[in-house]
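Now for the letters of each chain:
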Amino acid sequence: MTLEFPFALLLILLIPAYWLLRKAGILKKAYISAVLGDWQGKAFEWKDPFTQILFYLSKALIYTGFLLTVIAMSDPVHKYQEKVFTSRGTDILFILDTSPSMVAKDVNGKTRLQASKDAVEKLFSEETGSRFGLVTMGSEAAVIVPPTTDYKIFRSRLQEIQAGSMGDGSAIGTGISTAVYHLISSAAPKKVIILFTDGENNAGEIHPETAAELAAQNNINLYVFGVGSKGVVSINYTDPLNGKKYSGYLNSDFDSSSLRKLALLGNGKYFETTTFEQLLQNLEQICQNESVSQDYTYRTIITSYYKPLLLISLILFISAWILIRLIMKNRKLILSRSICWLLGLGCIGLSLTNLSWGTTMVPVQKSSNAVSFVFDVSNSMLAKDETNGLSRLDAASLFARKLLSKMKGTPVSIVLCKGDGITAVPLTEDFVMAESLISVLSPNLMSAPGTSLEKGILAAKNTFSENLNVVRHIWVFTDGGDADSKLSSVLLECARKGINVKILGFGSEEGYDILAGDKKTTVHTSLQKEQILESISKVNEKMTEKHLTVKPEFLQASGKGTGAALLHTLDKNSLTDSYISYEEKTVSHYKLFLCFALFFFMAGIIISEQNIFKNPLILFAGLCLLSGCSGNYRSRNIDRTFKGASFYREKEFEKAAGEFLESLEYADSNNDQSLKDYAFYNISTAYLMSNEKEAALEKLSFISDNAPPDVKYAAFFNAGVITYRMGDKNKAADFFRKALETDSTKIEAKINLELCTNLQESSSPENQGNLISASNEPSSKNDFTNLENTIFELIKENDKNQWKNSETSNDSDLSSDY
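Residues numbered from 1 in each chain as written. Predicted model: local features only at pLDDT ≥ 70, side-chain atom pairs only at ≥ 80, totals over all residues. Heavy atoms only, no water.

(A) Up close: the overall build of the chain. Within the chain, the secondary structure is distributed over 26 helices and 21 strands. Across the 818 residues of the chain, 48% fall into the buried class. Expressed as a percentage of contacts within the chain between residues at least 6 apart in sequence, the contacts between residues at least 24 apart total 79%. Working note: accessible area of the chain is about 41000 Å², and carbon and sulfur atoms make up 53% of it. (Helix = DSSP H or I, 4+ residues; strand = E, 2+ residues; numbered from the N terminus. Buried < 20%, exposed > 50% of the residue type's maximum accessible area, 1.4 Å probe, protein only. Contact = heavy atoms within 4.5 Å. Areas by Shrake-Rupley, 256 points an atom, 1.4 Å probe, with all protein chains shown as cover.)

(B) Main features of the pattern of salt bridges. With the rule as written, the count across this model stands at 14 salt bridges. With a shortest N-O distance of 2.8 Å, Arg392 and Asp385 are connected by a salt bridge. Through salt bridges with shared partners, a single network forms among Asp91, Arg131 and Glu429. (Salt bridge = Lys/Arg side-chain N within 4 Å of Asp/Glu carboxyl O.)

(C) Focus on the packing of helix 7 (residues 208-217) against helix 8 (residues 256-265). Here helix 7 crosses helix 8 at 25°, and the two axes come no closer than 8 Å. Considering their axes alone, helix 7 and helix 8 lie roughly parallel with respect to each other. Crossing handedness for the pair helix 7 and helix 8: right-handed. On the side of helix 7, the interface is formed by Pro208, Glu209, Ala212, Glu213 and Ala216, while helix 8 contributes Lys261, Leu262 and Leu265. Considered class by class, the residues forming the contact of helix 7 with helix 8 number 5 nonpolar, no polar and 3 charged. (Axes fitted to C-alpha atoms, helices over the stretch in contact; angles between N-to-C directions. Parallel < 35°, antiparallel > 145°, perpendicular 65-115°, else oblique. Left-handed = near helix turned anticlockwise from the far one by under 90°. Nonpolar A, V, L, I, M, F, W, Y, C, P; charged D, E, K, R; others polar.)

(D) Highlighting helix 21 (residues 673-689). Between its first and last C-alpha, helix 21 extends 25 Å over 17 residues, near the 24 Å set by a 1.5 Å rise per residue. With 12 of 17 residues buried, helix 21 lies mostly within the body of the structure. Those residues of helix 21 that sit buried are Lys676, Asp677, Ala679, Phe680, Tyr681, Asn682, Ile683, Ser684, Thr685, Ala686, Tyr687 and Leu688. The positive-phi residue at the C-terminal boundary of helix 21 is Asn691, with phi of around 70°. (Expected span 1.5 Å × (residues − 1).)

(E) Representation of the side chain of Lys502 in the model. Note that Lys502 resides in strand 17 (residues 500-505). With relative accessibility at 6%, the residue Lys502 sits in the buried group. Every residue in contact with Lys502, bar those within four places of it in the chain, is listed here: Ile474, Trp475, Val476, Glu553, Leu555 and Leu566.

(F) Seen up close, the packing of helix 6 (residues 172-183) against helix 7. Orientation of helix 6 relative to helix 7, taken along the N-to-C sense of each, is 20°, at an axis distance of 7 Å. Here helix 6 is positioned roughly parallel relative to helix 7, judged by the angle of their axes. Along this stretch, helix 6 crosses helix 7, giving a crossing that reads as left-handed. On the side of helix 6, the interface is formed by Ile172, Gly173, Ile176, Ser177 and Val180, while helix 7 contributes Pro208, Ala211, Ala212, Leu214 and Ala215. Considered class by class, the residues forming the contact of helix 6 with helix 7 number 8 nonpolar, 2 polar and no charged.

Following this line, the structure appears as structure tokens:
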């Protein structure tokens, strides 16, 4: 903690100076003349000690508020150094299994999926040098976030992941292959895949072992986490696709040996975790082992604390005024002092708003490039007035892909722009992800009608992290849309931040007829070149010529040398260590208002204490009496049942069974049938969790017919679960039917009864017949290359399909959407 302006603390000397002036008689504790009847000829003295306390408290509040205002004027700040990495770290792709079984709540009270997400979030919040990506896996797999340093988007999309969002199965092979496909082109010194799952592969067309070998062949290490405990666990699951709720029990018995083999084939390690601490510890160990030495510089982060101090001082001043004016009912406050103090409070309020005007140019050192592609996907981009009959959008897609092929090593992000602007791909070097989106650009990817270039550019601006010391570029692919004053203001904002904006024009100025968003109305659309140039001209007029390093530009996409001109701006030879960019920052003037505030407070005191003073009146004040009550606490013996329940929650089932048995003996000795029924049920449950099925079923049979309904239902239901696990589906169905006869409202019993009676359902894993076999090992390097190409083509199509599946088809009321 330091003070930016420590000399401001000298203003504290005004307090002793004030008292010295009083002592010297220059300032007097003035009074208001009163008739003798006011005091009955006596000198004033406090009649009520509580009123006296309030009077001195008001003075203390005023002095404390003054001190805090002076300290705020000295601008206390906290400075710390943040690392800014200038070289690549490790690329880590997390694969999260989103199958319904991942909602089992057996990891320290968290679901398996939530525990995995929390561990990942805690890891990347502490890690600063690596790039992280996300793959979700169900019956299909998709990249949610490519390897990126945009931790804000990573956190946002991580939190949005839901169980069942990718289907019911576990396509482990497809998930690993998808991760490999998006890491293979990375230039990172180390590449890692971390898989979180609780099951076996039962979906997809790629065998997990083939995918693991594919990772090893491409120098990617694969780590596998088996999340959750084995045995019977309860599940409450809501299908995100249709909102249906399901509940029941899962016999969690995933094959650890197959998951361990996957990690071995992928040059990694297998971890079986049942607690969150264990999960986090192993995850941190992996990141520590896979970390690399990186070059970095430091960026100073300054946090100012003047606002909290000002807010407290404002509250103290107002509290003092309330005490004097309202509680002590002093109506004879001096007008001049009141006006001065009110002006002072107003100045403190203005300081809190941090009013700023004027600008200054700040030099910022840069060392590399980053580009954000903004694609206008409005319906006007479908006009086919580009070369060879291409639509504007297809021409933009082709142009962007050619640029990407020449930009290896430059991180890019992709923003889609229509009636709004959204970040589809955060800043990444995963060009595979970028190309998969660019190749399927369509107006149907966004539902917001119209065109808002300014929102797209703002979204692109936000994809650049503040701790990246890179030259930032925004390339806009558009036909102009609604180029207006809003566009000018956004371009000006980017120029002030040192961001290079290039607007690439597609289409002809003559125009072309297209269908609007309703697919019925015909409209004429053309390249809005003049409007774009006008917006850029307004920006250049407003920019200060001194230190101006960037200006927005318009380029005709079909013009000669346009692509070369864009790539030339990324020429790394021009980015030396001495490259300096200038960014415009506004100048804050809150200290000016603090000076005014202190002036008004002192002026109010000096003016008021010349020859007049308030007449302190005696007021009536009620005292608050605090009364308390105490009570004697009696020690209570804990019943065996509660002890057993405690052991059960701690998964110490043998101890739980022992306590329940003692409870049974107590009930038997007291001939308490109801307690005996509960005891038999509790013992049975403890046996069941210890996998002693026969003993559990025997104890359930001892429950009487007169047992409470909830005990009878639970006994029949558990008996059904036990007999189903023992392989007797017919008997299990009978038990579930009896459970329903006891309580027909229970949905889980209905579901289990249906499962038992549906005997034609196959118990073998789905889609295993379509798997690419892992046992047929490639006989040569060429064979493996062919296999790799086949798998990557499959993943490539899956990526495209994921983008296409997000398209909308709502054409109603969109006649103005073009």
